Amino acid sequence: MDILHYINGTWHRSEQGDVRPVHNPATGELLGSFTSLSIEEVDHAVATATTAFRDWSNVPVTERIQYLFRLKTLLEENLQDLARTITMECGKTLAEAVGELRRGIENVETACAMPLLIQGYNNEDLTRGIDEHLFRQPLGVAAAITPFNFPAMIPLWFLPYALAAGNCFLLKPSEQVPMTAVKIFELLEQTKLPPGVAQLLHGEKEVAQALIQHPDVDAISFVGSSPAAHAVYREAAHYGKRVQCQGGAKNPVVVLPDADPTLTTSIIADSAFGCAGQRCLATSIVIAVGQAHQTFRETLAETARSRRVGYGLDAEVEMGPVITHHSRERIHQIVEKGVHSGATLCVDGRDKNVSGYAYGSFVFPTLLDDVSPHADISSTEIFGPVLSLIPAQTIDEAIDVINSMVHGNMACLFTSDGASARRFRREVKAGNIGINIGVAAPMSYYPFSGWKSSFLGDLHAQGRHAVEFYTQTKVVVERWYPEWNRKF
Ligand code: NAD
């Protein structure tokens, strides 16, 4: 497949940049390639977005959302085709790809409520004869830079809200998974969105940086690893942009002795090994309190061994590959370091093959026990199907471990005790909390609320936060002297 850019309403092949291949991580097959945009081509895209903004921002919000209603229908109609593309370029199973698309479509639906969401507020006679009104207006041109692990959902955390709020939007998807974005933009094109309102720019970090530094790009949304999130946040601030950066994670789950063993094991395994652990909300650490340690070591080891690993398009496969061979090697090394730091390898998922897929980058589920909360493996984001068990004596100890962590994307508790659950949600320093939930991903009506090193900025993706991020407030203070009215 020749992977093209979508600029000013037409599909564009760049003749100048480096050619970047895209491979299927399960089969090793070459799926397609694209040529990165040059800086001049990025400038051209931004210029067309700036021009398009003049008209787009004057299209009434009730008309703007009609394009999103059409997009929602097209996404539903093409769900299976989109899901196959996600599986082929990203590696997750078809069921996981469908789940991701459902979450993306939810955001399109939520943004369709923009006529309500964008409302301001007002006071009559705030002081005698003076009325004040707050209006929300679009910013201008907004850009999003997105990661490989959710090629459809994460672009849809931003695109529908930016457009419905009246902005023009530029997407730079991950260079590792550009094909899903192409499919989404083919559907957007079918909605007859005016040229320049939404554009797709492929490339690596040079293209992202050209957007961040461009004087006519008003807002940057970033999702990716923490080092890149910090770099983007600093740079965007330096260039005076509105910016939101969602970074990496290391998510702990606390299991109390009264948790239901069968249900809890199944939920934790889905969270740790689903999407091959490549979710920013994947469970990476289980802090097992008291007797739960022994119980869950055994049940988790059993479920790790029995997970069916393979190509996500094959029936009955429960877990696909990690994104690249490089990623697989990195994960192997982190596990090795964990063992050197004193952890016990209960289930070793390294160096295992999937029959018929010799070129796939597979890592099987891996379980480490007796991991120290101070070891590197307890703070390094692994982004693979590796679960660490940390024993603790009390819930206080478990909460202390969580609150000393650098990241704060998600923390979950499994218990049947309401008082412990309430205490956990009040005291734990993480932005997304799950109680008897393994992947506490907020639905689109709520912000995706990472804390600490997992998020830089103040307004998150999704829901009302997205509306605030993509609009600026204008306050009008008004006085009309009664005597001017005397002539009528
Ligand atoms: P990555 O940081 O390598 O790349 C993400 C995007 O940023 C890509 O489009 C890439 O081209 C671009 N990029 C990379 N370095 C850049 C730089 N210095 N300046 C500007 N742009 C740059 O991340 P990835 O490997 O694609 O994705 C996995 C990471 O994303 C994990 O750390 C995961 O936790 C994180 N993630 C976080 C969330 C969240 O909501 N917090 C959600 C999904 C993924």
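Residues numbered from 1 in each chain as written. Predicted model: local features only at pLDDT ≥ 70, side-chain atom pairs only at ≥ 80, totals over all residues. Heavy atoms only, no water.

1. Some details on the packing of helix H2 (residues 61–77) against helix H6 (residues 153–164)
One can describe the packing of H2 onto H6 by two numbers: an axis separation of 8 Å at closest approach and a directional angle of 150 degrees. Taken together, the axes of H2 and H6 are roughly antiparallel relative to one another. Counted together, Val61, Arg64, Ile65, Leu68, Leu71 and Leu75 of H2 and Leu156, Leu159, Pro160, Leu163 and Ala164 of H6 form the full contact between these two elements. In terms of residue class, the contact of H2 with H6 is built from 10 nonpolar, no polar and one charged. (Axes fitted to C-alpha atoms, helices over the stretch in contact; angles between N-to-C directions. Helix = DSSP H or I, 4+ residues; strand = E, 2+ residues; numbered from the N terminus. Parallel < 35°, antiparallel > 145°, perpendicular 65-115°, else oblique. Contact = heavy atoms within 4.5 Å. Nonpolar A, V, L, I, M, F, W, Y, C, P; charged D, E, K, R; others polar.)

2. Re the site of the ligand
Lining the immediate surroundings of the ligand are 30 residues, of which Glu175, Ser225, Gln246, Gly247 and Glu381 lie closest. Between the ligand and lysine 172 there is a distance of 2.9 Å, counted from an oxygen atom to a side-chain nitrogen or oxygen. Calculation on the ligand without its partners gives an accessible area of 840 Å², and the protein chains cover 89% of this total. When contributions to the shell around the ligand are tallied by element, the ones reaching two or more residues are H6, helix H8 (205–213), strand S10 (219–223) and helix H9 (226–238). Tallying contributions element by element places H8 first for the shell around the ligand, with three residues. (Near = heavy atom within 4 Å. Polar contact = N/O pair within 3.5 Å; in protein donor to acceptor, adjacent residues only side chain to side chain. Areas by Shrake-Rupley, 256 points an atom, 1.4 Å probe, with all protein chains shown as cover.)

3. Examining the packing of aromatic side chains
Enumeration over the complete set of coordinates arrives at nine aromatic pairs. Residues tyrosine 311 and tyrosine 357 carry aromatic rings whose centres are separated by 5.5 Å and whose planes lie at 65 degrees to one another, so their mutual orientation is edge-to-face. Separated by 46 residues along the polypeptide, tyrosine 311 in the loop between helix H11 (292–306) and helix H12 (325–340) and tyrosine 357 in the loop between strand S14 (344–347) and strand S15 (366–369) bring together distant segments of the chain. Both rings, one in phenylalanine 469 and one in tyrosine 470, keep their centres 5.1 Å apart while their planes meet at 85 degrees; by these two values the pair is edge-to-face. The exposure class assigned to phenylalanine 469 is buried, which follows from its relative accessible area of 2%. Aromatic ring contacts, followed pair by pair, group Tyr6, Trp11 and Phe185 into a single cluster. (Phe/Tyr/Trp six-rings, centres within 6.5 Å; stacked < 30°, edge-to-face > 60°. Buried < 20%, exposed > 50% of the residue type's maximum accessible area, 1.4 Å probe, protein only.)

4. Quick notes on the sheet that holds strand S12 (residues 251–255)
As summarised here, the arrangement of the seven strands in space is S14-S15-S16-S13-S12-S18-S19, forming an open sheet in which the pairing is mixed. Each of the sheet's edge strands pairs with one partner strand only, and the pair in question is S14 and strand S19 (432–435). Adjacent strand axes in the sheet meet at a mean angle of 20 degrees when their direction is disregarded. The strands that helix H14 (residues 418–427) touches are S12, strand S18 (410–414) and S19; relative to S18, the one it contacts most, it runs at about 170 degrees. (Pairing = 2+ DSSP bridges.)

5. Topic: helix H7 (residues 178–190)
The terminal C-alpha atoms of H7 lie 19 Å apart, and with 13 residues this matches the ideal 18 Å at 1.5 Å per residue to within 8%. Along H7, the positions that sit buried rather than exposed are Pro178, Met179, Thr180, Ala181, Val182, Ile184, Phe185, Leu187 and Leu188. Once H7 finishes, lysine 192 follows within two positions and takes phi at roughly 70 degrees, a positive value. (Expected span 1.5 Å × (residues − 1).)

6. Digging into the pattern of salt bridges
Tallying each qualifying case throughout the model produces 18 salt bridges. Of the charged contacts in the structure, one is a salt bridge between lysine 92 and glutamate 100, with a shortest N-O distance of 2.6 Å. The two residues lysine 92 and glutamate 100 agree in class, both being buried. Within the structure, one salt-bridge network assembled from shared partners comprises Lys72, Glu76, Arg102 and Glu109. (Salt bridge = Lys/Arg side-chain N within 4 Å of Asp/Glu carboxyl O.)

7. Focus: the pairing of strand S4 (residues 30–35)
Of the pairings in the sheet, the one linking strand S3 (residues 19–23) to S4 comprises five bridges and is antiparallel in character. Pairing of histidine 23 across the sheet is with leucine 30, part of S4. Between S3 and S4, which pair antiparallel in sequence order, lie six residues; one of them, glycine 28, sits at a positive phi of approximately 80 degrees.

8. Concerning the domain arrangement of the protein chain
According to the domain assignment, the protein chain consists of domain 1 (5–247 + 454–476) and domain 2 (251–435). Between the C-alpha centres of domain 1 and domain 2 there is a distance of 31 Å. The largest contributions to the domain 1 side of the interface with domain 2 come from Pro25, Ala26 and Ser454, which together make up 27% of the buried area. Where domain 1 touches domain 2, the interface holds zero salt bridges. Between domain 1 and domain 2 we count eight residue pairs in polar contact (both at pLDDT 80 or more) in total. For the side of domain 1 that touches domain 2, the secondary-structure elements that each account for two or more residues are helix H3 (79–90) and helix H4 (94–111). By residue class, the composition of the side of domain 1 that touches domain 2 is eight nonpolar, 10 polar and four charged. (Domains from an automatic or database assignment. Buried area = accessible area lost by both parts, 1.4 Å probe.)

9. Some remarks on the sheet that holds strand S6 (residues 130–138)
Strand order in the open sheet made by the three strands is S5-S6-S22, with antiparallel pairing throughout. If you trace the sheet from one side to the other, it starts and ends with strand S5 (121–127) and strand S22 (471–479), each paired once. Pairs of neighbouring strands in the sheet enclose a mean axial angle of 20 degrees, with direction left out of account. When S6 meets S22, the two strands line up antiparallel, connected through nine bridges. Looking at S22, one finds that glutamine 137 is bridged to glutamine 472.

10. With respect to H14
Listed as buried for H14 are Ser420, Ala421 and Phe424. Taken around the axis of H14, the buried residues stretch over an arc of 100 degrees, which confines them to a single face. In H14, the exposed positions angled more than 90 degrees off the buried face are occupied by Gly418, Ala419 and Arg426. Each element contacted by the buried residues of H14 is listed here: S12, helix H13 (395–403), S18 and S19. (Arc of directions from axis to C-beta.)

11. With respect to the environment of alanine 282
If you trace the backbone, alanine 282 turns up in the loop between helix H10 (261–273) and strand S13 (283–289). Its relative accessible area of 7% is what places alanine 282 among the buried residues. With 31 residues separating them along the chain, alanine 282 and asparagine 251 place their C-alpha atoms 6.4 Å apart. Look past the residues within four positions of alanine 282 in its chain and what remains in contact with it is Asn251, Ser271 and Gly277.

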